[in-house]
Amino acid sequence: MARLRLVYNCSECGASHPKWSGRCSACGAWNTLVEDVEDPNAPDIASLAAGLALVPAATAQRIGEVDTSHAAPRSTGIDELDRVLGGGLVPGSVTLLGGEPGIGKSTLLLQTLAAWPGRTLYVSAEESAQQVRMRAERLGAVRPDLWLLAETVLPHVMKAMDEIEPELVIIDSIQTMVDPELGSAPGSVVQVRGCAHKLVMEAKRRNLPVILVGHVTKEGGLAGPRVLEHVVDTVLQFEGERHHALRLLRASKHRFGPTTELGLFEMVEHGLRGVPDPSALFLADRQTGIAGSVVIPTLEGQRPLMVELQVLTSAVKSDTPPRRSVQGLDPTRLSMLLAVLSQRLRQPVSQHDVYASVVGGVKITEPGSDLGLCLAVLSALGHQPMRPDVVAFGEVGLGGEVRQVSHVSRRLAETARLGFGTAIVPAKSPDVDVDIKVVRVNSVREAMKALGMSGKADG
Ligand code: TYD
Ligand code: MG
């Protein structure tokens, strides 16, 4: 009988190496190899798959004859989740829900089970049944059709599925599932991938939607989500700042629809609450008449969001280099824009500390926020508040020119809906029929002129 063997598996791509190395030779990722024990007697995944493939062999057919009626998504009862999934969960589909510990994955899924019209099974491989019940009580999710199984051993879970015959199954989390047949440590790449494979086959065989929870750490170090992405149909990411109530849900892979939709939730005392009107939420605490504050219509996927940018500048006296601090913005983008303001508009940014943040815990990655950010810096430097009914968007180039951005009509429609009167937009933007004043500008300088802003002379 062969002995157990020590191997090193890449937590990014799952490749197996006989020796440890700083870099995975298969995918090139650094510091991703983790120690694992391999049992040569354990059946490999391929043979397990073959053994489980009791389903009859597929037959080829004309593409037009493929029946799609049973692949229609079924609403989950949670609007913001349905939005991201393009209507709901498709029978037989496997969805991976990733996110940092404590972000609210278990909460979201318990609420989903409670809202599902039919029998459901929650497999808790991390928390005891008592813990889950207590949380469910807080969420109002204690329902006769919701079955709970605190179990980590996969074959036992399969058996429970036979007995209960649920219409939706949640595995929380896939990292804590173990299959004794796989002969590797719990949480190892081999286990996580092997268990996921089996669950995928089970989902297809039963035509049952399954959601797997996967933890990711800030460093992405844990075995799991990366290697699972290939196995599942849909990958959802649950994100947010721990100290903010806002949670964002988006799809990074979706075999049944687009990945551009964004779901928004707010973590409140009784669980997660959908946020159908995020712009109103972000602007709720806004105070007008403060220098350095600018409202921008930005886009998250397809969803327009009206957010407030705030900038504070403070003159540095000594020779120490000025500080740059950002929250919710790309720091290199801010540095670039400050260089443009310094070189093209002669603004004394190099003698000022600059603090920039997006209010409400959102992260902005699209270049459409450039013009708004420049105007916020200019407003702060000149101690000159922006007019409260003005918004601005546009990409700023290295020459200080304002460039076109996508989805102009959506941004302007959101601007009008929230009662703003004027939008500063790139000169080449398409014509949009909205009931607000649209000011077209070619450069940051033109935008300043249109707003009567002076900034601060170099000195
Ligand atoms: P949880 O769903 O356990 O996160 P995950 O499964 O992603 O690890 O959520 C944990 C956090 O959510 C916890 O810190 C407390 C908070 N929370 C609320 O604020 N309200 C609630 O009703 C619940 C259930 C949790
Ligand atoms: Mg959890």
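Structural data are supplied above this passage.
Here the structure is a predicted model, which is why all the values come from computation and not from measurement.

Participant: Lay out the pattern of salt bridges in plain terms, naming residues and giving numbers.
Facilitator: In this structure the tally under the stated criterion is 26 salt bridges. Arginine 206 is the salt-bridge partner of aspartate 162, the closest N and O atoms lying 2.5 Å from each other. Of this pair, aspartate 162 sits in helix α5 (residues 154-164) while arginine 206 sits in helix α6 (residues 189-206), and the two are 44 residues apart along the sequence. Residue arginine 255 pairs with aspartate 233 through a salt bridge whose shortest N-O separation is 2.8 Å.

Participant: Can you break down unusual backbone geometry residue by residue, with the values?
Facilitator: Following aspartate 172, the chain continues into serine 173 via a peptide bond in cis, with omega recorded as 5°. Looking at the secondary structure, you find serine 173 in the loop between β7 (168-172) and α6. In the Ramachandran plot, asparagine 31 falls in the positive-phi region, its phi being about 55° despite a non-glycine side chain. Here asparagine 31 lies in the loop between β2 (16-17) and β3 (33-38). Under the relative-accessibility criterion, asparagine 31 is labelled exposed at 64%. Even without a glycine there, the phi angle at arginine 346 is positive, about 55°. Mapped onto the fold, arginine 346 is located in the loop between α9 (331-345) and β16 (352-358). Overall, the relative accessible area of 47% leaves arginine 346 in the partly exposed class.

Participant: Requested: an account of the pairing of strand β20 (residues 422-426), with residues and values cited.
Facilitator: Here β20 lies mainly inside the structure; five of its five residues are buried. Relative to β20, strand β17 (residues 390-392) runs parallel, the two sharing three bridges. Bridging across to β20, alanine 392 finds its partner in isoleucine 424. Bridge count for β20 against strand β21 (residues 437-441) is five bridges, and the pairing is parallel. The residue bridging threonine 422 from the neighbouring strand is lysine 437, located in β21.

Participant: Hey, could you go over the site of ligand 1 for me, with residue numbers and the actual values?
Facilitator: Taken together, 16 residues form the shell around ligand 1, and within it Gly102, Ser106, Thr107, Arg135 and Gly271 come nearest. Within the backbone of isoleucine 103, an N or O atom sits 3.4 Å from an oxygen atom of ligand 1. Within the backbone of glycine 271, an N or O atom sits 2.8 Å from an oxygen atom of ligand 1. In isolation ligand 1 offers 560 Å² of accessible surface; the protein chains occlude 73% of this area. Mapped by element, the contributors of at least two residues to the shell around ligand 1 are α3 (105-115), α4 (129-139) and β11 (262-268). Residue composition of the shell around ligand 1, grouped by class: five nonpolar, six polar and five charged.

Participant: Mind laying out the packing of helix α10 (residues 370-381) against helix α12 (residues 444-451), listing which residues take part and the relevant values?
Facilitator: α12 packs onto α10 with a crossing angle of 60° between their chain directions and a minimal axis gap of 11 Å. Judged by the angle between their axes, α10 and α12 are oblique. In this structure, α10 crosses over α12, and the sense of that crossing is right-handed. On α12, the residues that touch Leu371, Cys374, Leu375 and Leu378 of α10 are Val444, Ala447, Met448 and Leu451.

Conventions we followed
- Residues numbered from 1 in each chain as written.
- Chains lettered and ligands numbered in written order.
- Predicted model: local features only at pLDDT ≥ 70, side-chain atom pairs only at ≥ 80, totals over all residues.
- Heavy atoms only, no water.
- Salt bridge = Lys/Arg side-chain N within 4 Å of Asp/Glu carboxyl O.
- Helix = DSSP H or I, 4+ residues; strand = E, 2+ residues; numbered from the N terminus.
- Buried < 20%, exposed > 50% of the residue type's maximum accessible area, 1.4 Å probe, protein only.
- Pairing = 2+ DSSP bridges.
- Near = heavy atom within 4 Å.
- Polar contact = N/O pair within 3.5 Å; in protein donor to acceptor, adjacent residues only side chain to side chain.
- Areas by Shrake-Rupley, 256 points an atom, 1.4 Å probe, with all protein chains shown as cover.
- Nonpolar A, V, L, I, M, F, W, Y, C, P; charged D, E, K, R; others polar.
- Axes fitted to C-alpha atoms, helices over the stretch in contact; angles between N-to-C directions.
- Parallel < 35°, antiparallel > 145°, perpendicular 65-115°, else oblique.
- Left-handed = near helix turned anticlockwise from the far one by under 90°.
- Contact = heavy atoms within 4.5 Å.

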